[in-house]
Amino acid sequence: MKLLIEIGTEELPAIPLLKELPNISKKWEKILQEYHLESEFKFFYTPRRLVFIHENFKEKQDDSFVEFIGAPKAIAYKDGKLTQAGFSFLEKSGLKEEELEFKEIKGKEVLYCQKQVQGLQSKVVLAQMIEAFLKSLSFGKTMRWGDGRFEFIRAIRSLCCILNDELIEFESYGVKSAKSTFVHRSVSYDLIAFANIDEYFKTLEQNYIILDQEQRKKLIIEQLKTLEKENDITIAEDDELLAEVVAITEYPKALLGHFEKEYLEIPSEVIITSMRENQRYFAVFKNNTLSNHFIVVSNAVCEDYSKIINGNERVLRARLSDAMFFWKNDLAQGLNNDKISQMVYLEGLGTLKDKIIREQKIATKLCEVFANTQKDEILKAIEYSKADLSTQMVYEFTDLQGIMGSYYAKAMGMSDELALAIKEQYLPNGDNSAMPSNEFSSIVALAYKFDTLVGLFSMGKIPSGTKDPYALRRAANGVLKIILALNKNFDLKIFLEVIASEYKSFDLKILLDFILERLYTFYEVNASFVKAVLSSKTYDVIYIDSCIKALIQSANKADFSQNFATFKRLANIAILSEVQINENLFNIQEEKDLYQAFMQCKTKENNTQELLESLFALKPQIDAFFDKVMINDKDENIKNNRQALVCAIYREFLKIADIKELSV
């Protein structure tokens, strides 16, 4: 049976829709499972409708079985008579007392009943399913309508549910289902009736609704390519913006507009941000330089699009005029720290000026760690790093903080390297973000992130579950990525202990673990590899990275499983002690061989990969040792000496990872 479901709404806001989009099909699948009506379907959306199409929907639910499990026999009956627990089971299961049965579950005889439930006709339950689905959707903020009785992301204006061309009649959210749909507003504002599912698709197509979002996306891309070719331009690729445009159009038309060249005096980031965030325009480049053009994707249907282009040009001109005013005004004033002295950073952590002072102290320590000789310039960069937060441009475009600061710093005659550090202080700021360009910028960025992490943890602002309002996970990721990119030894534990005195006392281990836990997402490998290395209690980020990579490289070799099994056995019997190995106490050749081979391993301690390979190369000697040598010798000294040898090998492996935590 063919099934069509359409939920017609007022215009859905693009960003909330796109955030929930990955969950919509999953939530409908869950409803189908709960109602025993699983079947394949296609999901489509436009700004004003959510649509499900099933080509082969079940006529009725699958039959199912329901289990009832009650009290143990000793509780269900007392003195041969049914207790209250027994009567409750009768009521729940719908049985008579003579029909009661017992079943052994987990070693106990309990009241038990299994009943077959006959599946209902699909048309009987579809209305319930649709309402359950709508209530399951989560778009963040919602709106109310109908005297506040109904609540959804936007008002629901039409409902349609057709099963094999038969309308499923029901009412939900104050709307009665009907064989009708809204078409493009350029055609009509009224509901258009149709007779069956095939006619539904024809009605949309004939009235300028492209239902399939992938078709709309493909059409927009083709139109952009045509405009590029016709005008010898390059249109900025922007997948996020493209997804938004697809979500807000039903019949997209890409159009080329322009603005006055004088506005190109404004930094390109400002123009692009203004066009993208406020108007959803695509930026245009010519000869690798920002052009005074833009692309707007219209949702209108008309023969002459010149009025639409002109209207969008007027809107953009007004925005760029404001931006030009902010730009010139901010340039005239320059970077000034007076205002940020009054701007509160966070209660308990003072003002932004206080944050800068703390970052400068951290940067001083970082310069010592990295033996960097540019401390004075780095401290100056940090001194002006937050000044742009008080500018008109950043007030209007908050995403440009740092970027605008770099422009104003250059205008004030500051060095390019200092200006670049101001620009890059927030990097990396995402999974695919760029990194700071050099060590100078990296130290500025690290100082910012370390102060943010230590400061907020000291105030108890620790992320829990999925909640992370201060983006501390991103800050921790950034710390690790920058250190790894610099490729200079950095003991995270020691450094945190050094800088912690500037903050309210708290358990540093919580923060240390929080930062290092981010490493689990850095490597495409069994999580136990990262856990094994972290369990070795090593806190040098570069060394941790080398240990994980060494393990991964060894794991890719054919003999890894055999090596792993041998060392797992060794680790399990190792008893950590301070007993020193006495070579003179070895009296069996196999233990002598193992000791000599092990001593060769210790010469490789300066190279993690070589050390690991040499340890794994001990497998023949270790196997022979286990075969021929009795560790628990009657002589206590010999016994302790053999245990010390096993312990020493395990300790050497612990320098890389705790093999007990490793799973293959």
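Residues numbered from 1 in each chain as written. Predicted model: local features only at pLDDT ≥ 70, side-chain atom pairs only at ≥ 80, totals over all residues. Heavy atoms only, no water.

### Regarding the sheet that holds strand β18 (residues 253–258)
(1) Moving on: Ordered in space as β17-β19-β20-β18, the four strands form an open sheet in which the pairing is antiparallel. The sheet is open, and its two borders are formed by β17 (234–235) and β18, each paired with just one other strand.
(2) Moving on: As paired strands, β18 and strand β20 (residues 289–298) are joined by six bridges and run antiparallel to one another. Bridge pairing links Ala254 to Val297 in β20.
(3) Moving on: The strands touched by helix α9 (residues 306–333) are β18 and β20; relative to β18, the strand with the most contacts, the crossing angle is about 50°. (Pairing = 2+ DSSP bridges. Helix = DSSP H or I, 4+ residues; strand = E, 2+ residues; numbered from the N terminus. Contact = heavy atoms within 4.5 Å. Axes fitted to C-alpha atoms, helices over the stretch in contact; angles between N-to-C directions.)

### So, the pairing of β20
(1) Moving on: In terms of burial, β20 is largely enclosed, as eight of its ten residues are buried.
(2) Moving on: Where strand β19 (residues 282–286) folds back onto β20 in an antiparallel hairpin, the turn is made up of two residues, including Asn287, whose phi is positive at roughly 55°. (Buried < 20%, exposed > 50% of the residue type's maximum accessible area, 1.4 Å probe, protein only.)

### Overview of the pattern of salt bridges
(1) Moving on: Applying the stated criterion across every chain yields a total of 37 salt bridges.
(2) Moving on: In this structure, Arg144 and Glu151 form a salt bridge, with 3.2 Å as the shortest nitrogen-oxygen distance.
(3) Moving on: A cluster of three or more residues bridged by salt bridges with shared partners is formed by Lys355, Arg358, Glu359, Lys386 and Asp451. (Salt bridge = Lys/Arg side-chain N within 4 Å of Asp/Glu carboxyl O.)

### Considering helix α5 (residues 197–206)
(1) Moving on: Among all positions in α5, only Ile197, Tyr200, Thr203 and Leu204 are buried. One side of α5 carries all its buried residues, which in axial view fall inside an arc of 110°. Exposed side of α5, more than 90 degrees from the buried face: Glu205 and Gln206 are the residues found there.
(2) Moving on: At its buried positions, α5 is contacted by β1 (3–9), β3 (49–54), β11 (156–163), β15 (180–182) and β16 (191–193). (Arc of directions from axis to C-beta.)

### Overview of the sheet that holds strand β8 (residues 108–117)
The strands making up a sheet associate through backbone hydrogen bonding, with each pair oriented either parallel or antiparallel.
(1) Moving on: Strand order in the open sheet made by the three strands is β4-β8-β7, with antiparallel pairing throughout. The outermost strands of the open sheet, each flanked by one partner alone, are β4 (64–72) and β7 (101–105). The average angle at which neighbouring strand axes cross in this sheet is 45°, direction not considered.
(2) Moving on: In this structure, β4 lies alongside β8, joined through seven bridges in antiparallel fashion. Bridge pairing links Pro72 to Val110 in β8.
(3) Moving on: Helix α3 (residues 84–93) rests against β4 and β8 of the sheet, and its axis sits at about 170° to β4.

### A look at the packing of aromatic side chains
(1) Moving on: Under the defined criterion, the tally for this structure stands at 33 aromatic pairs.
(2) Moving on: Aromatic side chains Phe567 and Phe653 sit 5.3 Å apart centroid to centroid with 40° between the ring planes, which places their arrangement in the tilted category. With Phe567 in helix α21 (residues 560–573) and Phe653 in helix α25 (residues 636–654), this pair connects stretches of sequence that are 86 residues apart.
(3) Moving on: One aromatic cluster is present, built from ring pairs that chain together Trp28, Phe41, Phe43, Tyr45, Phe52 and Phe133.
(4) Moving on: The cationic tip of Arg518 hangs over the ring face of Phe514; the distance from NZ or CZ to the ring centre is 4.6 Å.
(5) Moving on: Sitting over the face of the ring of Phe626, Arg569 holds its NZ or CZ atom 4.1 Å from the ring centroid. (Phe/Tyr/Trp six-rings, centres within 6.5 Å; stacked < 30°, edge-to-face > 60°. Lys NZ or Arg CZ within 6 Å of the ring centre and 35° of its normal.)

### Things to note about the layout of surface pockets
(1) Moving on: Here the largest pocket is characterised by a volume of approximately 1500 Å³.
(2) Moving on: Around the largest pocket, the lining is made up of 36 residues, and of these Asp399, Gln401, Tyr426, Asn429 and Arg474 lie nearest the centre.
(3) Moving on: When residues in the lining of the largest pocket are grouped by element, the largest group, five residues, is from helix α8 (residues 268–279).
(4) Moving on: For the lining of the largest pocket, the residue count by class is 17 nonpolar, eight polar and eleven charged. (1 Å grid on protein atoms, 1.4 Å probe; cavity = no way out; pocket = protein on both sides within 12 Å on 5 of 7 lines; lining within 4 Å. Points joined across faces, edges and corners; volume = space filled by probe spheres on them. Nonpolar A, V, L, I, M, F, W, Y, C, P; charged D, E, K, R; others polar.)

### Quick look at the environment of Gly311
(1) Moving on: The residue Gly311 is located in helix α9 in this model.
(2) Moving on: Distance in space between the C-alpha atoms of Gly311 and Gly257 is 9.8 Å, their sequence separation being 54 residues.

### Overview of the environment of Phe564
(1) Moving on: As for its position among the elements, Phe564 is in helix α21.
(2) Moving on: Separated by 98 residues in the primary sequence, Phe564 and Leu662 place their C-alpha atoms 8.7 Å from one another.
(3) Moving on: Ignoring sequence-local partners within four residues, the contact set of Phe564 consists of Phe616, Ile659, Leu662, Ser663 and Val664.

### With respect to helix α7 (residues 239–248)
Residues that lie three or four places apart on an α-helix share one face, since the helix turns once every 3.6 residues.
(1) Moving on: Among the residues of α7, Leu241, Leu242, Glu244, Val245, Val246 and Ala247 are the ones counted as buried.
(2) Moving on: Buried residues along α7 sit against α1 (14–34), β2 (42–46), α6 (213–231), α8, β19 and β20.
(3) Moving on: Between the side-chain oxygen at the start of α7 and the backbone nitrogen of Glu240 there is a gap of 3.3 Å, and the oxygen is on Asp238. (Polar contact = N/O pair within 3.5 Å; in protein donor to acceptor, adjacent residues only side chain to side chain.)

### Some points on unusual backbone geometry
(1) Moving on: A cis amide bond links Leu427 to the next residue, Pro428, at an omega of -10°.
(2) Moving on: Looking at the secondary structure, you find Pro428 in the loop between α14 (416–424) and α15 (439–458).
(3) Moving on: Even without glycine at this site, Asn287 takes up a positive phi of about 55°.
(4) Moving on: Take Asn287: it is sitting in the loop between β19 and β20.
(5) Moving on: The exposure class of Asn287 is exposed, given its relative accessible area of 69%.

### With respect to the packing of helix α10 (residues 352–369) against helix α11 (residues 375–383)
For any two helices packed against each other, the geometry is given by the interaxial angle and the distance between the axes.
(1) Moving on: Look at α10 against α11: their axes get within 9 Å of each other, and the N-to-C directions meet at 155°. Considered as vectors, α10 and α11 are oriented roughly antiparallel to each other. The two elements α10 and α11 meet at a crossing, and its hand is right-handed. Across the interface between the two elements, Ile356, Glu359, Gln360, Ala363, Thr364 and Cys367 of α10 pack against Lys375, Ile378, Leu379, Ile382 and Glu383 of α11.
(2) Moving on: A class-by-class count of the residues in the contact of α10 with α11 yields six nonpolar, two polar and three charged. (Parallel < 35°, antiparallel > 145°, perpendicular 65-115°, else oblique. Left-handed = near helix turned anticlockwise from the far one by under 90°.)

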